[in-house]
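# Chain and residue survey
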Amino acid sequence: MKRKKLTIVISHPIQYHAPLYTKIAEMDAFDLHVIFHNDRGVRPYFDKLSGTSVSYDNNLLQGYSYEFLTQGEPRNNLEKLRHLYLPNLENRISASKPDAVYIHGYSSIANVRSCRFLESRGIKLFFRGENEDVKRRPAWRNVVRETFLKYFLRKCDALLYIGKENREFYRRRGVPNEKLFFVPYSADNEYFGLGLSLPERAAIRKKICSEFQLDDKSVIFINTCKHRSEKRPIDLVNAYIRASAEPGMNGHSTLLLVGDGPLNGQMRRQVASSGVKGACFTGFVSQSKMRELLLASDYCVNPAEEPWGCVFNEALPAGLGLISSDRVVGWPDMVRIGENGFVYRCGGIESLAAILGQCARHPEWREICRPASQEVAKIYSYETCVKGLSEALGV
């Protein structure tokens, strides 16, 4: 019997997604080919949102079949148009001889254009994205989005939902259950510490605390993001300053602020003027260093407004407790209140400060959170993704 083949079309190699393709190839349930719009992510590039140069030290192309439609940054207007419209996309899809094509995101003109081609060739269309109804949007954007979705969702043979809100987004628009398949946002659980022994974790924590001059006996909070407004890192800085001002609190906790961006200078100035001890700015770090920083920490704090919360996928297998704003759309999937974390109203600095203070005063809570988070990681895993994709393909 002919093996089923899936072709994935996505913008570029992304550290949250590319390891899944390696896992698909390892599990060998079906054949895979990935078409990347561009090679950014496997080469250094300037990220406008964070205002810094980005490069990754992990192999994002290991073990699976792939190709790039374009390479490098466009040098003139003609190349910009080529990168935008990707005129060769349909030909490359056809050459891969797929039974189905999984398109990631519909913001690309080329991705949407290819839908008509797939329909004309009888190739199934799978879609995966971060669609939700939680984030606030201007009325005009909602009108445009709903008009487009009436057309687009009818074209899809399978909707690969990443979590609870994403599933309900499709159901609210009349997508039948038989078209919905659970392919959750996940991370490489083994890489980020699932199954790591306590002595191995302790050695990593000792190394990181020595490198960054941290107190390894303190409760360590970590935030990893691009320091821009929607990530709300200023909320966390203010909450940490407030929590540290409580009697006997200063010095009992550490805050690792990982990343860079336009708000970084303001964050540093606020910490410096407060006189608070324990806040450490690491700047942008490689993926391997990110792994070590997570494994050295106790709680991952995400104060953002965002359509999922990918950093939690990395924090779960590392066994961290999760502290989330209620505007992180994926929190109901990953935070088990009273078991592995806390949720507060987005922007509620006093509430966040109270949570930070409670966690610092109760270091024993860390041992409760660790196994609970790692159990959740087993659900939001690459293995679950391969199962969902296999069901959608009918293998």
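Predicted model, so just to flag it, every value in this text is computed and none were measured.

### Structural notes on the pairing of strand β14 (residues 321-325)
- Among the five residues of β14, five are classified as buried, and the element is accordingly described as predominantly covered.
- What you see with β14 is no split at all: G321, I323 and S325 on one side and L322 and S324 on the other are buried throughout.
- By the bridge criterion, four bridges tie strand β13 (residues 299-302) to β14 in an arrangement that is parallel. Note that in β14 the partner of N302 across the bridge is S324.
- Of the crossover connections in this fold, the one passing from β13 over helix α11 (residues 310-315) to the parallel β14 is right-handed.
- Here β14 runs beside strand β15 (residues 341-344); their pairing, made up of four bridges, is parallel. Across the sheet, the residue bridging to L322 is G341, located in β15.

### Some details on the nonpolar core
- One finds I222, L294, C300, F312 and L322 to be the most contacted residues of the largest nonpolar core, which totals 35 residues.
- Only α7 (198-211), β10 (219-224), β11 (253-258), α10 (287-295), α11 and α14 (365-379) provide two or more residues apiece to this core.
- Aside from chain neighbours lying at most four places away, what touches L294 is F192, I222, E314, A315, A318 and L320.
- One finds I10, I14, I24 and F181 within the second-largest nonpolar core, a separate group that totals 28 residues.

### Notes on the pattern of salt bridges
- The full count for this structure, using the stated rule, is 35 salt bridges.
- Linking D133 and R173 is a salt bridge whose minimum nitrogen-to-oxygen distance equals 2.8 Å. Placement of D133 in the loop between β7 (124-128) and α5 (139-155) and of R173 in the loop between α6 (164-171) and β9 (180-182) is noted, with a sequence separation of 40 residues between them.
- On the accessibility criterion, R173 (25% relative accessible area) is partly exposed.
- E211 is the salt-bridge partner of K289, the closest N and O atoms lying 2.8 Å from each other. Linking K289 in helix α10 with E211 in helix α7, this pair joins segments that are 78 residues apart in sequence.

### Some remarks on the pairing of β7
- β7 sits mainly inside the fold: four of its five residues count as buried.
- For the crossover that starts at strand β6 (residues 100-104), traverses helix α4 (residues 109-121) and ends in the parallel β7, the hand is right-handed.
- As judged from the two bridges shared by β7 and strand β8 (residues 158-161), these two strands associate in the parallel manner. The partner of F126 across the bridge, within β8, is A158.
- In terms of handedness, the path from β7 via α5 over to β8 forms a crossover that is right-handed.

### Section: a nonpolar patch on the surface
- Taken together, L81, L84, Y85 and I109 make up a surface patch of nonpolar side chains, about 360 Å² in accessible area.
- When residues in the nonpolar patch are grouped by element, the largest group, three residues, is from helix α2 (residues 77-85).
- Mapped onto the secondary structure, L84 falls in helix α2.

### What about the packing of aromatic side chains?
- Counted by the stated rule, this structure contains 20 aromatic pairs.
- Summarising the aromatic geometry, the rings of F127 and F152 are spaced 5.0 Å apart at their centres and angled 85° between planes, so their arrangement reads as edge-to-face. Taken together, the residues F127 in strand β7 and F152 in helix α5 connect sequence positions 25 residues apart.
- For F127, a relative accessible area of 1% puts it in the buried group.
- Its guanidinium or amino end placed over the ring of F169, R173 lies 3.8 Å from that ring's centre, counting from NZ or CZ.
- Above the ring of Y191, the side-chain terminus of R291 is found at 5.5 Å from the ring centroid.

### Points about the sheet that holds β11
- What the six strands build is an open sheet, ordered β12-β11-β10-β13-β14-β15; its pairing is parallel. The open sheet terminates on both sides in strands that have one partner only, identified here as β12 (279-283) and β15. Strand-to-strand, the axes of this sheet are offset by a mean angle of 20°, without reference to chain direction.
- Across the face of the sheet, helix α9 (residues 264-274) comes into contact with β11 and β12 while running at roughly 155° to β12.

### Observations regarding unusual backbone geometry
- Of note in the backbone geometry, D28 takes a positive phi value of approximately 60° without being a glycine.
- Here D28 is to be found in the loop between α1 (18-27) and β2 (31-36).
- According to the relative accessible area criterion, D28 is partly exposed, its value standing at 46%.

Basis of the calculations
Just so you know, the residues in each chain are numbered from 1, in the order the chain's sequence is written. The predicted nature of this model means local features are confined to residues of pLDDT at least 70 and side-chain atom pairs, given and counted, to a pLDDT of 80 or more, with totals for whole chains, interfaces and linings taken over all residues. Side-chain calculation: all heavy atoms of the structure are included, whereas hydrogens and water are not. Relative accessibility thresholds used throughout: buried, under 20% of the residue-type maximum; exposed, over 50%; partly exposed, between the two (1.4 Å probe, protein chains only). Helix and strand labels come from DSSP, where a helix needs a run of H or I of at least four residues and a strand needs a run of E of at least two; each type is numbered from the N terminus. Here, any two strands with at least 2 DSSP bridges between them count as paired. Look down the strands so they point away from you; if the path from the first strand over the helix to the second goes clockwise, the crossover is right-handed. Only buried residues count toward a nonpolar core. Its members are Ala, Val, Leu, Ile, Met, Phe, Trp, Tyr and Cys residues joined through side-chain atoms within 4.5 Å. Contacts were defined at the residue level, with two residues in contact if any of their heavy atoms lie within 4.5 Å. A carboxyl oxygen of Asp or Glu within 4 Å of a side-chain nitrogen of Lys or Arg is what we treat as a salt bridge. Without a salt bridge and with relative accessible area above 30%, a residue can belong to a patch; like charges are then joined within 9 Å and nonpolar side chains (Val, Leu, Ile, Met, Phe, Trp, Tyr) within 5 Å. Every accessible area reported is derived by Shrake-Rupley at a probe size of 1.4 Å, with residue values counting cover from the shown protein chains alone. Each pair of aromatic rings taken from Phe, Tyr and Trp, with Trp reduced to its six-membered ring, is defined by centres within 6.5 Å and is described as stacked if the planes are under 30 degrees apart, edge-to-face if over 60, and tilted in the remaining cases. Criterion for a charge above a ring: Arg CZ or Lys NZ at most 6 Å from the ring centre, at most 35 degrees from the ring normal. Whenever a helix is involved, its axis is fitted only over the stretch in contact; in every case the axis is a line through C-alpha atoms, and angles between N-to-C directions fall within 0 to 180 degrees.

Purely geometric stuff here, so don't read any function into it on its own.
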